[in-house]
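Each chain, letter by letter, is given below.
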Amino acid sequence: MAQRGRGAWREAVHQASAMVFGSQCVVCGAVTGPVCASCLPMPDVQHRSLPGGLPCFSGALWSDETASLMLALKQDGVTRIARELAPLLTAALDAAVPGGSAPAMLVPVPTRAAADRRRGYRPVEVLLRAAGLPFQRAMRVTSAVQDQRELTRAERVRNTQGAFAVRRTAENLGRVILVDDVVTTGATLVNSAQALQSAGITVAASITVLSTPKRHTGNA
Ligand SMILES: [Zn+2]
C-alpha cells in the first residue's frame, strides 16, 4: 500500500467496499462501513440564488469526502449510504423552510428512464425515504436529455430546456420544494422549476444534498 497513491488506494477501497455491500468506510477504508464515525458528513448549509432567482439550499459542499459518499450511492449501488447523507438533506430543508412557512410538497427532479433502469433505483427518492420525508413524483423527463458530464454550462441549459413535464396527477399541487442530489450549474433545477410554474405550481425553493461549482459530478 505504501507505494500506492492515496487516490488509487481510495479507489481500490471504494470498489472493494461496493463489492461487499459497504462493509468498509467508502471514504477512508476503515472496516466499519458504509461510513466510519470520523468520515460522517456534518451539515454545512450552503445558500445560492439560481438564475431566475430560485433559492437553493444545500446540506454541504462537494468535497473529496462527500463526493465519495454521493458516488457510492449514485454509481456503486451502496444505497445504505443514503442514511448517512439524509441529515444533509434535512438540514437543507430546515434552512429552506423556516418556522411558520406555508406547507410545501417535496418534488424530486426527475431522472432519465434509462438511468433509472440501469441503477434499479432513483437516488433522490432513496435519499428522501432515508430522511423520512414524504414526496410526490410530480414530474417526468419528456425528451432525450443526454448525460451532462461533458457539457458546458450553456449546453446544460439547452440540454434540459423543455425536457421536463408535470404529471397530470400533480397539477393540483399548490406549492412545492424541488429536490435534487447535487447542484452544479443549477440548469436542471431552473428548468424543472419552469415546467412546474408553467403548470401553475409555485416553486418556493430548491434543496440538494451537495453543492458544487464544478463540472465533474454528472449533475446540472
Ligand atoms: Zn472513514
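This text follows the structure it describes.
Residues numbered from 1 in each chain as written. Predicted model: local features only at pLDDT ≥ 70, side-chain atom pairs only at ≥ 80, totals over all residues. Heavy atoms only, no water.

Draft legend 1. Expanded view of the overall build of the protein chain. When helices and strands are tallied, the protein chain shows seven helices and seven strands. The N-to-C order of helical and strand elements in the protein chain reads α-β-β-α-α-β-α-α-β-α-β-β-α-β. Out of the 220 residues in the protein chain, the part that is buried amounts to 48%. Here the contacts in the protein chain between residues at least 6 apart in sequence split such that 73% fall between residues at least 24 apart. (Helix = DSSP H or I, 4+ residues; strand = E, 2+ residues; numbered from the N terminus. Buried < 20%, exposed > 50% of the residue type's maximum accessible area, 1.4 Å probe, protein only. Contact = heavy atoms within 4.5 Å.)

Draft legend 2. Quick peek at the nonpolar core. In terms of nonpolar packing, the biggest core is built from 37 residues, with Leu73, Leu85 and Ile207 touching the most fellow members. When contributions to this core are tallied by element, the ones reaching two or more residues are β2 (55–61), α2 (64–74), α3 (82–96), α5 (123–130), β6 (175–183) and β7 (202–211). If one sorts the elements of this core by residue count, α3 sits on top with seven residues. Counting contributing residues, this core receives three or more from each of domain 1 (1–39) and domain 2 (41–211). In this structure isoleucine 207 touches Phe57, Leu89, Ala92, Leu93, Ala96, Ile177, Leu178, Val179 and Asp180, once residues within four positions along its chain are discounted. Counting 21 residues, the second largest nonpolar core, distinct from the first, contains Leu50, Val107, Ala170 and Leu196. (Core = buried A, V, L, I, M, F, W, Y, C linked by side-chain atoms within 4.5 Å. Domains from an automatic or database assignment.)

Draft legend 3. Molecular detail of the pattern of salt bridges. What the rule picks out here adds up to four salt bridges. In this structure, arginine 122 engages aspartate 116 in a salt bridge whose closest nitrogen and oxygen atoms are separated by 3.2 Å. Assessed through its relative accessible area of 11%, aspartate 116 is described here as buried. One salt bridge in this structure joins arginine 129 and glutamate 125, with 3.5 Å as the shortest N-O distance. Taken as a pair, arginine 129 and glutamate 125 lie in helix α5 at a separation of four residues, close to a single helical turn. When its relative accessible area of 51% is taken as the criterion, arginine 129 is described as exposed. (Salt bridge = Lys/Arg side-chain N within 4 Å of Asp/Glu carboxyl O.)

Draft legend 4. Geometry of the coordination of the zinc ion. Every protein donor of the zinc ion is listed here as Cys25 (SG), Cys28 (SG), Cys36 (SG) and Cys39 (SG), and their distances to the metal cover 2.3 to 2.4 Å. Around the zinc ion sit four donor atoms; with metal-centred angles ranging over 103 to 119°, the donor geometry is tetrahedral. One chain supplies every donor for the zinc ion, spaced along it as C-x2-C-x7-C-x2-C. In this pair, cysteine 25 is assigned in the loop between α1 (6–19) and β1 (46–49) and cysteine 36 in the loop between α1 and β1, connecting sequence segments 11 residues apart. (Donors = N, O, S within 2.8 Å, 3.2 Å for Na, K, Ca; no water. Tetrahedral: all angles 85-135°; square planar, octahedral: opposite > 155°, others 65-115°.)

Draft legend 5. Fine view of the side chain of glutamate 84. Inspection of the secondary structure assignment puts glutamate 84 in helix α3. It turns out glutamate 84 is buried and unbridged, and the closest side chain with the opposite charge, arginine 83, is 4.3 Å from it. Leaving out residues up to four positions away in the same chain, glutamate 84 has contacts with Pro34, Val35, Leu40 and Pro41. (Lys, Arg positive; Asp, Glu negative; His and termini not counted.)

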